[in-house]
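Commentary on secondary and tertiary structure
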There are 4 protein chains.
Amino acid sequence: MRSDPHSRLIELRRDLHRRPELGWCEFYTTGRIVDALHEVDLDELYVGSDVHGDDQIRPPTDAALDRAADRARALGVDEAVLTKLEDGYSGALAVLERGPGPTVLVRVDIDGLPQRESGDDDHDPAANGFASVYDDRMHACGHDAHAAIGVGVAGAVAASEFAGTLKVLFQPAEELGAGAASVVESGHLDDVDALVAIHVGLDAETGTVIPDVDSFLAIRGFEATFEGASAHAGIAPQEGSNAIQALSTAVSNLYAIARHADGKTRINVGEIAGGTASNIVAESATLRGEVRGSTTALRESLEERARSVIESAASLHDCAVDVSSLTGAPSATCDERLVETVADAARERGADVVPEDGAALGGSEDATRLMRAVQRAGGVATYVGFGASNPTGHHTATFDVDEAVIPLAVDVVTDAVCAIADPAA
Amino acid sequence: MRSDPHSRLIELRRDLHRRPELGWCEFYTTGRIVDALHEVDLDELYVGSDVHGDDQIRPPTDAALDRAADRARALGVDEAVLTKLEDGYSGALAVLERGPGPTVLVRVDIDGLPQRESGDDDHDPAANGFASVYDDRMHACGHDAHAAIGVGVAGAVAASEFAGTLKVLFQPAEELGAGAASVVESGHLDDVDALVAIHVGLDAETGTVIPDVDSFLAIRGFEATFEGASAHAGIAPQEGSNAIQALSTAVSNLYAIARHADGKTRINVGEIAGGTASNIVAESATLRGEVRGSTTALRESLEERARSVIESAASLHDCAVDVSSLTGAPSATCDERLVETVADAARERGADVVPEDGAALGGSEDATRLMRAVQRAGGVATYVGFGASNPTGHHTATFDVDEAVIPLAVDVVTDAVCAIADPAA
Amino acid sequence: MRSDPHSRLIELRRDLHRRPELGWCEFYTTGRIVDALHEVDLDELYVGSDVHGDDQIRPPTDAALDRAADRARALGVDEAVLTKLEDGYSGALAVLERGPGPTVLVRVDIDGLPQRESGDDDHDPAANGFASVYDDRMHACGHDAHAAIGVGVAGAVAASEFAGTLKVLFQPAEELGAGAASVVESGHLDDVDALVAIHVGLDAETGTVIPDVDSFLAIRGFEATFEGASAHAGIAPQEGSNAIQALSTAVSNLYAIARHADGKTRINVGEIAGGTASNIVAESATLRGEVRGSTTALRESLEERARSVIESAASLHDCAVDVSSLTGAPSATCDERLVETVADAARERGADVVPEDGAALGGSEDATRLMRAVQRAGGVATYVGFGASNPTGHHTATFDVDEAVIPLAVDVVTDAVCAIADPAA
Amino acid sequence: MRSDPHSRLIELRRDLHRRPELGWCEFYTTGRIVDALHEVDLDELYVGSDVHGDDQIRPPTDAALDRAADRARALGVDEAVLTKLEDGYSGALAVLERGPGPTVLVRVDIDGLPQRESGDDDHDPAANGFASVYDDRMHACGHDAHAAIGVGVAGAVAASEFAGTLKVLFQPAEELGAGAASVVESGHLDDVDALVAIHVGLDAETGTVIPDVDSFLAIRGFEATFEGASAHAGIAPQEGSNAIQALSTAVSNLYAIARHADGKTRINVGEIAGGTASNIVAESATLRGEVRGSTTALRESLEERARSVIESAASLHDCAVDVSSLTGAPSATCDERLVETVADAARERGADVVPEDGAALGGSEDATRLMRAVQRAGGVATYVGFGASNPTGHHTATFDVDEAVIPLAVDVVTDAVCAIADPAA
């Protein structure tokens, strides 16, 4: 006798929680999702490179990909799946074709974060033995639960009276602001009539549903490499052009870019590296950062200022600098009609439906790219939050979700999908 | 028929130049020196751990050591030698016991630098096919020539009338300011009556000998790790304590420490790393740097200021910081009597003997530790420079030495060693 | 024959515009207002020290006060008035007692800004000969128009059927965030049932009335004096503790304080001074700045961070620092009932009534102190904006107001005052 | 009966000490020197504008000059003298023409420093009632004693057998690096055969004479004014271009300019000012600083780096900047022949003659301009230090000199002047 589906979803979530993978390296994760979907009577299952447009992804180094593949292989992921994932084309898209109705896309994301997970006893994953087995990454944003919910929705819709086409997208590399862009280019969105993207947590209590999350900040990443001239730090310090000094001047001044009256702005330099030895004036140094704004215009204004600050800091220390923009995401809005459908479904399931309180958010999401693509093609989209009584904030070492959110989200999304296909039901 | 010894020394120098190794990883280098010494009729040859005091070394990561060992093994280094080098105990000490005379130590250093070598056509090692085969390190300070000179001196003294004990020390990890310290603890210096340390280059022309180099700057390395608190850069930037901002504030202010009226000072931050992702306020960041002074007191004064700057920068950004002092080296002075002996030998060989012009230098050397140890025990010491018409400065990508310095240095040092044992000769 | 009152108000506004005075130095301004009020049949006129609580003001230096008094005297201000203004107790309060009805306070502010006014031909005050005659200050926020409106309201209410008590407060030192505090302590507010404060401009068109401006940012000023040790910059730079370096480190890092997810924050360092000569390491340096937040809690959080940054920057450069908080202002809210009364009056006069769009503002106002005091005592309060088609932003060199705002504001406020006393009318 | 000359010189020194004046404002000082010279049988006395080339001086504001003139007038300085000093042409040149021998120039400087003097009991001028009567300036470099020595030398040579021409230059504005330049243009140096410049103190004991001080650092002052754009700090911070941020970034990075292997360098920012109010983003800010180097080339290299740092810091904050070079001084060398003459005279008077120990100095002196001018014209020059057991360093609040240096310096310089004219004597 098969175990009950909710238990299996929780087991799946915990298994993924133990083995978080960063963007484009979700090899074990994809393999595990594919496995779990074997129990669902799918019409199509696209894996890895079949989910993405050509040449659209920006994976990490080959070495990182190789390590991810080796680990997945050792954990039993099928070689046929791994072949599809080569070069970082991770993720999957499950399809049910059940009639002449509309095409609905449910989108979940699946990647983890480069952060060490807490081992404290009062951190539930640690106490219950499913904390990350890796020192340097963790599911600190609930995407493990998202993957489980995606699998659950596919199964529940398959078992329902749904008469239309359902696509469930297991999207990689959301945390890099990167995974959605290549899916947009894949063609899989072209016929989508309605998109429901979800997120758990959001500092709301379990049982709360926010059907209209759309105050995401527009975001853009950037990377700057300062190139100066090395010199012996004792013999001829004046002959160097110090890339580490240039970077430090840039960092101090990037955070000091003026606040903007038109709305929220954010700036962060999240990674730095530079130099080779303590006795050599550093020839090269690199920083990676991001800007955000409550509108795309604010983001662009900040991006322009950031570029100018970086270039002047380089010039101040006689360094050259190369600034590149990384993938980002725009802002987006939810469609009222779809918001109502989701809200109704949530109320039916006994949830507490609350409107988004913009002030409480400040994150970004590349789901906005998918939303805009669907809307451009005439469809509707919304982004739904499911409270999960998370004990601490997103992206912290003790982030966790109340697993009760998983069955509730499966139920609400499944009902909403069915209602989209049959509004009268 | 054996090739002439000078050709063999130049061949050795070029071979080492092609395969530079960083401090504590001189596994191929040590193996190759041991090989070359097989042609010398030594009385003793200490290798690796037998050259160092117990538990005195500070090697890099196990992974780095493993890679170095694997490379050396692949290049044919004997397993018995590799066993002696385990854990980073690199280097060698060759001993000739030829009579009742004094014990003379000749010290050469053997490590390379973490720097990419020029591939330009007008860079002789590149033009002649012996540039570094590695992208990330190079012999940019002439220690390849030093190793060859050490082997040459061992051979030439062995073939001479020398009546005393000669020790030739092939010291690792000079560039880290680290290798001499554990040799001092080994006991090998206890009976040394005279120490001759050498260096090629020094921006002097080939044929020039500087018998009294002792304006080395006292040096001390330091490492600081800032520990703050991570936060989501979009959702809750105010909850972070930003380790990258703390580091940047420290860097800007370290270089801005006031110049000192009492003499030369130097400060450098040569390496930085921090953060994990562009959307996370960085929890941790590390810098590595060094201070130097023309006296040990100046170095200490600067070290104290640097520590205070780092701690205040941490506090400014609500971070904790751990500052550790790394191995360093004091200043030292040359003994006039030994300087004269070397100068006489140099003049005999037709060299142009010039006194040190302190203003031309600014480097540091952990040979000063050996000099002080020998002097404390009642011996004498000097540090001898051999001009080598280097085309560009030490620690630059196009540093090179005129190989004619190798036979000249072998001759002068050999003659000086013999003269120490028999001043009347 | 007397000129029509509106012409006289515009003449008054232009006269004040030509002679702007900074906070606590509004001597000519107060004198001119007192003069203008002579034509109104007042019951009481409080001047200078009679408007303020004891010992509550923070005037500038005696020299600045003396200069202001001398100028006012030379321009014909009555000596009896000047005596009341001694020590910086500037401003006035006009009172009409016309019956048993409620007490209504209309508040206008009267000070200028330390900024040079544009002399461009397309700047109306310059083209029409009433630009500031001083190089270093200007009415760049419309308080000249406020004073004229206050006089106009006093006259119009005096001529009306109003049956109650009207107080018109001509408040000094609003730009310093300072003038309201001592009025609160004066007792003049104790019996106020309704407070109407006004402002012209706000980037709205003439004819627009915003009856409910209350998204003012809470504000607090601060001043920090760094005290180090001087030294001869050539002979012994290391002996100094550099107050200018400490200040610069503080400035760079104050602007870099993290943005806050809970709402708007602002930080500025608007004035710096330090050092005595280029060849002396500076012993002392001072900065003046301010923090703002959309809630009082945010302001306090920012103030705490700023203090910590300043203290760490001092410590980093071995300086002591004294940080003092200057007067500020809290946030405040408008009372719906009073908002409606004003909105009705505005509509009656043909104005376009629009609700406040919080996003368009970011300023602060110490009127919030008055509002809170009145509300604490059981009264109601609102803050009314009158669009004035200002060509450029507040606090810029080409700020100006459409003078048509003056009669409109007089009419609307007069009607509202009457309606408060007789809601049924 | 007249008091003894040494007592009168000490009285003069103390009177000048009580009333220090900054460069170009030495009005009382010049008047007092002229008075004291009335007792000497001079052939010529040039005052103020007669000492300087046309249009060569750079005085402070007219207001500062007016205040200095008013004070001098109130203290009884003759109106005829004050007329000569108008516009800041301060200083004097006394001439004795006593025969056909060589022309000897003795140069002393007379200005004070912008620094508060200590009032501590163990500070001799305070204990004995002749500390500066001004809060903001002091003789912290011994120029009060210089003036007295200059007067003493004029008197003593007048009373001697000297057969030549003596000129005693009382030079203003040395601390500004400015006073010598216009004297060079005056023509008074054209016929000078030998120049003896002096300084007391130099951290040497009374009785010590250093006849060959010439390791002065070349110096150049600079001034930079940053011009940005003002904005309301609360309403529209993003519209400002923040001159105070630009200045702070410049300061932090100016001190962080790399140390130079070729010799001593110094950099200082000694004065800053900027902004107008805490709620306005600062439109303008100014810094004043200086660079020094042990050679003129080093000074120029540092000056070029400083200019580049300032310009990039401006650009980083979208500001314009105007950098101007202020007057400076080159390095110079002493002529051996003259050094010997002075040394002999010193030994004759029982002084302890020591050669300059370059390492002990780090100051600059615009006497080097005079030395170079005399040497260019074929004459010889030296700069003589007289130890004065100063309790603390130059330019500190407790600097003082042992007054016994005054008669010794008068004697040694007088004897040297006579010996120059009559080497055989």
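Just so we're clear, the structure is a prediction, and the values are computed from it rather than from any experiment.

1. Notes on the pattern of salt bridges
All names here are of chain B. Within this structure, the stated rule accounts for 98 salt bridges over all chains. Across the salt bridge formed by Arg107 and Asp109, the nearest N and O atoms sit 3.5 Å from each other. Comparing Arg107 with Asp109 shows no difference in burial state: the two are buried. Two residues, Arg107 and Glu365, come together in a salt bridge whose shortest N-O distance is 3.0 Å. Placement of Arg107 in strand 3 (residues 103–109) and of Glu365 in the loop between strand 13 (352–353) and helix 11 (367–376) is noted, with a sequence separation of 258 residues between them. By relative accessible area, which is 0% here, Arg107 ends up buried.

2. A word on the interface of chain A and chain B
Taken together, the 44 residues of chain A in the interface contact 44 residues of chain B. At the boundary of chain A with chain B, total buried surface from both sides reaches about 3,800 Å², with 55% on carbon and sulfur atoms. Viewed at the interface, chain B and chain A are joined by 0 salt bridges. Run the count over chain A and chain B and you get 16 residue pairs in polar contact (both at pLDDT 80 or more). At the level of secondary structure, the elements contributing two or more residues to the side of chain A that touches chain B comprise helix 8 (243–255), strand 9 (265–275), strand 10 (280–281) and strand 11 (284–293) of chain A. Looking at which element gives the most residues to the side of chain A that touches chain B, the answer is strand 9 of chain A, with 9 residues.

3. Details of the sheet that holds strand 4 (residues 165–171) of chain B
Residues and elements named next belong to chain B. Here we have 8 strands laid out as an open sheet, ordered 1-2-4-3-5-14-6-13, and mixed in their pairing. Unpaired on one side and paired on the other, strand 1 (44–47) and strand 13 mark the two borders of the sheet. As paired elements, strand 6 (residues 208–210) and strand 13 share 2 bridges and run parallel to each other. Within strand 13, the position partnered with Thr208 by the bridge is Asp352. Packed on one face of the sheet, helix 10 (residues 336–348) meets strand 5 (194–200), strand 6, strand 13 and strand 14 (380–386) and runs near 35° to strand 14.

4. Some words on the domain arrangement of chain A
All names here are of chain A. According to the domain assignment, chain A contains domain 1 (5–216 + 332–421) and domain 2 (218–329). The partner domain 2 presents 10 residues to the 16 residues of domain 1 that form the contact. Regarding the contact of domain 1 and domain 2, the summed buried area is about 870 Å², with carbon and sulfur atoms giving 37% of it. If you look at where domain 1 meets domain 2, you find 0 salt bridges. Applying the counting criterion to the domain 1 and domain 2 interface returns 2 residue pairs in polar contact (both at pLDDT 80 or more). Residues that form the side of domain 1 that touches domain 2 fall into these classes: 5 nonpolar, 6 polar and 5 charged.

5. A short note on unusual backbone geometry
Glycine aside, negative phi is the norm for most residues, and most peptide bonds take the trans geometry. We note that Leu202 of chain B has phi near 55°; this positive angle belongs to a residue other than glycine. For Leu202 of chain B, a relative accessible area of 18% puts it in the buried group. You will see that Ser389 of chain D, though not glycine, has its phi angle at about 45°, which is positive. Secondary-structure assignment places Ser389 of chain D in the loop between strand 14 (380–386) and helix 12 (405–421).

6. Some thoughts on the environment of Pro355 of chain D
Residue and element names in this part refer to chain D. With respect to the element layout, Pro355 can be found in the loop between strand 13 (352–353) and helix 11 (367–376). Exposure remark for Pro355: the relative accessible area of 61% places this residue in the exposed category. Excluding its chain neighbours within four sequence positions, the residues that come into contact with Pro355 are Ile210 and Asp212.

7. Notes on the relation of the copies chain D and chain C
One copy of the chain maps onto the second through a rotation about an axis and a displacement along it. Once turned by 180° and shifted 0.0 Å along the axis, chain D lies on chain C with an RMSD of 0.0 Å. Such a combination of turn and shift is consistent with a two-fold rotation axis. When the interface residues of chain D are mapped onto chain C, 100% of them are again interface residues, pointing to one common binding face.

8. A few points about helix 9 (residues 296–316) of chain B
Taking 1.5 Å of rise per residue, the 21 residues of helix 9 of chain B would be expected to cover 30 Å, and the 30 Å separating its terminal C-alpha atoms lies within 8% of that figure. Looking one or two places after helix 9 of chain B, you find Asp318 of chain B, whose phi comes out positive at around 55°.

9. Notes on the relation of the copies chain A and chain B
Note on the copies: chain A fits chain B at an RMSD of 0.1 Å, the axial shift is 0.0 Å, and the rotation between them is 180°. Mapped onto chain B, 100% of the interface residues of chain A again fall at the interface, so both copies present the same surface.

10. Notes on the pairing of strand 14 of chain D
All names here are of chain D. The element strand 14 is extensively covered by neighbouring structure, given that 7 of its 7 residues are classed as buried. Of the two faces of strand 14, both are covered, the one formed by Val380, Thr382, Val384 and Phe386 as well as the one formed by Ala381, Tyr383 and Gly385. Looking at chain direction, strand 5 (residues 194–200) and strand 14 are connected through 7 bridges and run parallel. Bridge assignment links Ile198 to a residue of strand 14, and that residue is Val384. Two strands pair when backbone bridges link them, and strand 6 (residues 208–210) and strand 14 are joined in this way by 2 bridges, in the antiparallel orientation. Its bridge partner being in strand 14, Val209 is matched across the sheet by Phe386.

11. Side note on the interface of chain D and chain C
Contact with chain D, which involves 44 residues of that partner, is made by 44 residues of chain C. Of the roughly 3,800 Å² buried where chain D meets chain C, counting both sides, 55% is carbon and sulfur surface. The interface formed by chain D and chain C holds 0 salt bridges in total. Where chain D packs against chain C, one counts 16 residue pairs in polar contact (both at pLDDT 80 or more). Looking at the side of chain D that touches chain C residue by residue, the class counts come to 17 nonpolar, 21 polar and 6 charged. Where strand 9 (residues 265–275) of chain C lies against strand 9 (residues 265–274) of chain D, 4 bridges are found, and the strand directions are antiparallel. Residue pairing across strands places Ile272 of chain C opposite Gly274 of chain D, the latter belonging to strand 9 of chain D.

What counts and how
Residues numbered from 1 in each chain as written. Chains lettered and ligands numbered in written order. Predicted model: local features only at pLDDT ≥ 70, side-chain atom pairs only at ≥ 80, totals over all residues. Heavy atoms only, no water. Salt bridge = Lys/Arg side-chain N within 4 Å of Asp/Glu carboxyl O. Buried < 20%, exposed > 50% of the residue type's maximum accessible area, 1.4 Å probe, protein only. Helix = DSSP H or I, 4+ residues; strand = E, 2+ residues; numbered from the N terminus. Contact = heavy atoms within 4.5 Å. Buried area = accessible area lost by both parts, 1.4 Å probe. Polar contact = N/O pair within 3.5 Å; in protein donor to acceptor, adjacent residues only side chain to side chain. Pairing = 2+ DSSP bridges. Axes fitted to C-alpha atoms, helices over the stretch in contact; angles between N-to-C directions. Domains from an automatic or database assignment. Nonpolar A, V, L, I, M, F, W, Y, C, P; charged D, E, K, R; others polar. Least-squares fit on C-alpha atoms with pLDDT ≥ 70 in both. Expected span 1.5 Å × (residues − 1).

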